[in-house]
Amino acid sequence: MTRVNESIRLLRSLLAPAYLTYQAKRADLGHRRRSFDAPHLTATGPNHVLVLVIDALRPDCAPDLPLSFGSAITPGTWTFPSVTSMHTGLYPSEHGSHVRSADGTYLIPEQATDVDLLPVTLEQSGYSTFFASDFTIPLLAAGGWYQRHHASANTGAQHVVDRYRSWRQHRDKTFAYLHFSDLHEPLDPPSEYLGEQVDTTIDGLSTWNYDYWDAYDEDDPACLRYRENRLELYRACLAHVEAQLSPLLDEILEDTFLIVTGDHGELHWEHHEIDKQFSDSRPAYSVGHGGTPYDMLARVPAAAHHPDHGSIVPSGGWASLRDIPNTILRALGHDGPFPGVAWQDEIPDDRAVVCESCRHGTERKAVYRGTEKIIHSREDNVLLHSTVDPATPGETPARADQANVEELLAVIDEEWSAGENSNSGQMPGRMIKDRLEALGYK
């Protein structure tokens, strides 16, 4: 029976590319059938807009590209709610595309409905729209919102870039969203990017060694060796992505408004002992993504570039990925209808932004304001206070100032509905489940 099951799994793996192509075509058809209500805006800025999202991009790993990077806080700690927030300007607790699993079962959230959508607004303004990703989750979040969709199975950044180049040819006005999985497990860069820094014989390096998830010991040389080599493998994957994106940027920077960022970061056991205060259905303490919004998960590199005005780096207070719709519309000469701010403006120093962990175990929310940050779980009755530096990733535990903490808790209270009203989600189909398991979603 085991041999039969393995044969069935292999067959489904071979059919995966065709299945994802089918899902993309289905999304195209779904777009044509939808009735969208979006404002018509007369754009006065660049004729081409492009958003590049590198999945699981840590804040200490800004890509080596001809751009000036700052940072932004992701609204959600995993792909589905974060992608939705980047398209709607809403927090997960507002758009509802999130789900919590009490037993670790992987569930697919419901796609956001009855919300303003960035690609639809740009389509109504005369832009042709295109979505491409080389893994499943982004398509499940945004499928049907674009005129054309492409999805493939872990084919890497170059494949996605080539699809974009082909689609963009002979189109006068375009908006595209490209999502790359190269930094998401399984980590598998070409051998020429590995060098001598990575010991590929270490067990579970390309995925995760699950023996360490809830038993990581920073005094154990084997644990430290594993962490160091996995981070080096991660950086090798990033170097490969940089090599694929650099030629594209050389081609388009003169006529394209560009945003480059990640959808969330990736933890490698930062604060793993502290994290054991929170319930985690996997359990996986301060490793991977989807869990407690420590800085290496909640913060991502962020850069924007205008062909006429050069680099746009978020400055002042904290930026959020929910600001992307307004930042793009400002580049095209408009404001709204989305919430958030435009990165072209100085962000108020006292702005508070939220990151919601709406995936594994209990709900944990983080609030950033100035140099202060709190992480709070009502269900676990845990409150962590730390200091953060907008210029340096990471956080330092700090003694709480009660008045400031009360103000930050008030911000969380406004967004707490995700912790109490997570949608029930749905079990993925067999083909989708296989794709998710290949990405480490167990």
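Student: I'd like a rundown of helix α6 (residues 157–168), residues and numbers included.
Tutor: With twelve residues, α6 ought to run about 16 Å at 1.5 Å a step, and its terminal C-alpha atoms sit 16 Å apart, in line with that. Regarding α6, the residues found buried are A157, V160, V161, Y164, W167 and R168. Here the buried residues of α6 occupy an arc of 125° about the axis, which is enough to place them on one side. Among the structural elements, β1 (48–54), β3 (128–133), β4 (148–151), β5 (174–180), α7 (221–252) and β6 (256–262) are those in contact with the buried residues of α6.

Student: Break down the environment of L140 for me, with residues and values.
Tutor: Position of L140 relative to the elements: it lies in helix α5 (residues 136–142). Between the alpha carbons of L140 and A24 there is a distance of 9.6 Å; along the sequence they are 116 residues apart.

Student: Please give an account of the pattern of salt bridges that cites residues and values.
Tutor: Side chains that carry opposite charge are capable of pairing whenever their charged atoms lie near each other. Per the counting criterion, the structure on display carries 19 salt bridges. With a closest N to O distance of 2.9 Å, R282 and D280 form a salt bridge. In this structure D280 comes out as buried when scored by relative accessible area, which is 11%. The partner of D345 in a salt bridge is R330, with the nearest N and O atoms 2.8 Å apart. Note that D345 is positioned in the loop between α10 (324–331) and β11 (352–357) and R330 in helix α10, a separation of 15 residues in sequence.

Student: An account of the side chain of E270 is needed here, citing residue identities and associated values.
Tutor: Structurally, E270 can be placed in the loop between β7 (267–268) and α8 (272–275). By relative accessible area, which is 14% here, E270 ends up buried. At 3.0 Å, the side chain of E270 forms a polar contact with the side chain of R58. A polar atom in the side chain of E270 sits 2.7 Å from the backbone nitrogen of H268. Leave out the neighbours within four places in its chain, and E270 touches R58, R227, S286, Y294 and M296.

Student: Provide a residue-level description of α7, including the pertinent values.
Tutor: Taking 1.5 Å as the rise per residue, α7 with 32 residues should run 46 Å; its terminal C-alpha atoms sit 46 Å apart, in good agreement. Residue L245 marks the point of greatest curvature in α7, where the axis turns by about 25°; the proline P247 follows within four residues. Looking at where α7 begins, the residue whose side-chain oxygen comes 2.9 Å from the main-chain nitrogen of A222 is D220.

Student: Give me a positive patch on the surface: which residues, what numbers.
Tutor: A cluster of basic residues, K25, R32, R33, R148, R163 and R171, forms a positive patch on the protein surface. Looking at the positive patch, the element that brings in the most residues is helix α1 (residues 2–33), giving three residues. Relative to the helices and strands, R32 resides in helix α1.

Student: Give a description of the sheet that holds strand β12 (residues 364–369) that names residues and reports values.
Tutor: Taken in spatial order, the five strands of this open sheet run β11-β12-β13-β14-β15, and their pairing is antiparallel. Looking at which strands have only one partner, the edges of the open sheet turn out to be β11 and β15 (392–397). Averaged over all adjacent pairs, the angle separating strand axes in this sheet is 25°, with direction ignored. Where β11 and β12 come together, six bridges link them in antiparallel fashion. Residue pairing for β12: S357 is matched across the bridge by R364.

Student: Outline the side chain of D275, listing residues and values.
Tutor: By the element assignment, D275 lies in helix α8. In this structure, D275 is buried with no salt-bridge partner, the nearest side chain bearing the opposite charge being R364 at 4.7 Å. Among the polar contacts listed, one links the side chain of D275 to the backbone nitrogen of S286, at a separation of 2.7 Å.

Student: Run through the state of the cysteines, naming residues and quoting values.
Tutor: As enumerated under the stated definition, the model contains zero disulfides in all. Not part of a disulfide, C355 finds its nearest cysteine sulfur in C358, a span of 8.0 Å. With a relative accessible area of 0%, C355 lands in the buried category.

Student: Can you explain the packing of α6 against α7? Please cite residues and give values.
Tutor: For the pair α6 and α7, the least separation of the axes is 9 Å and the interaxial angle reads 20°. Taken together, α6 and α7 sit at an angle that is classed as roughly parallel. Judged by the sense of rotation from one axis to the other, the crossing of α6 with α7 is left-handed. Packed against α6, whose contacting residues are A157, Q158, V161, Y164, R165 and R168, the element α7 presents Q244, L245, P247, L248, E251 and I252 at the interface. Its residues assigned to classes, the contact of α6 with α7 comprises seven nonpolar, two polar and three charged.

Student: Run through the pairing of β6, naming residues and quoting values.
Tutor: Counted residue by residue, β6 has seven buried out of seven residues, so it is predominantly covered. Here β6 shows a buried face lined by T256, L258, V260 and G262 and a second buried face lined by F257, I259 and T261. Pairing between β1 and β6: seven bridges, direction parallel. If you follow L50 over to β6, its bridge partner there is L258. Sheet topology note: the β6/strand β9 (residues 299–306) ladder contains four bridges and is antiparallel. Residue T261 lies in a different strand from β9, and its bridge partner there is A302.

Conventions adopted
Residues numbered from 1 in each chain as written. Predicted model: local features only at pLDDT ≥ 70, side-chain atom pairs only at ≥ 80, totals over all residues. Heavy atoms only, no water. Helix = DSSP H or I, 4+ residues; strand = E, 2+ residues; numbered from the N terminus. Expected span 1.5 Å × (residues − 1). Buried < 20%, exposed > 50% of the residue type's maximum accessible area, 1.4 Å probe, protein only. Arc of directions from axis to C-beta. Contact = heavy atoms within 4.5 Å. Salt bridge = Lys/Arg side-chain N within 4 Å of Asp/Glu carboxyl O. Polar contact = N/O pair within 3.5 Å; in protein donor to acceptor, adjacent residues only side chain to side chain. Bend = angle between axes of the 7 residues up to and from the residue. Patch = residues over 30% accessible without salt bridge, like charges linked within 9 Å, V, L, I, M, F, W, Y side chains within 5 Å. Areas by Shrake-Rupley, 256 points an atom, 1.4 Å probe, with all protein chains shown as cover. Lys, Arg positive; Asp, Glu negative; His and termini not counted. Charge placed at Lys NZ, Arg CZ, Asp CG, Glu CD. Pairing = 2+ DSSP bridges. Axes fitted to C-alpha atoms, helices over the stretch in contact; angles between N-to-C directions. Disulfide = S-S within 2.5 Å. Parallel < 35°, antiparallel > 145°, perpendicular 65-115°, else oblique. Left-handed = near helix turned anticlockwise from the far one by under 90°. Nonpolar A, V, L, I, M, F, W, Y, C, P; charged D, E, K, R; others polar.

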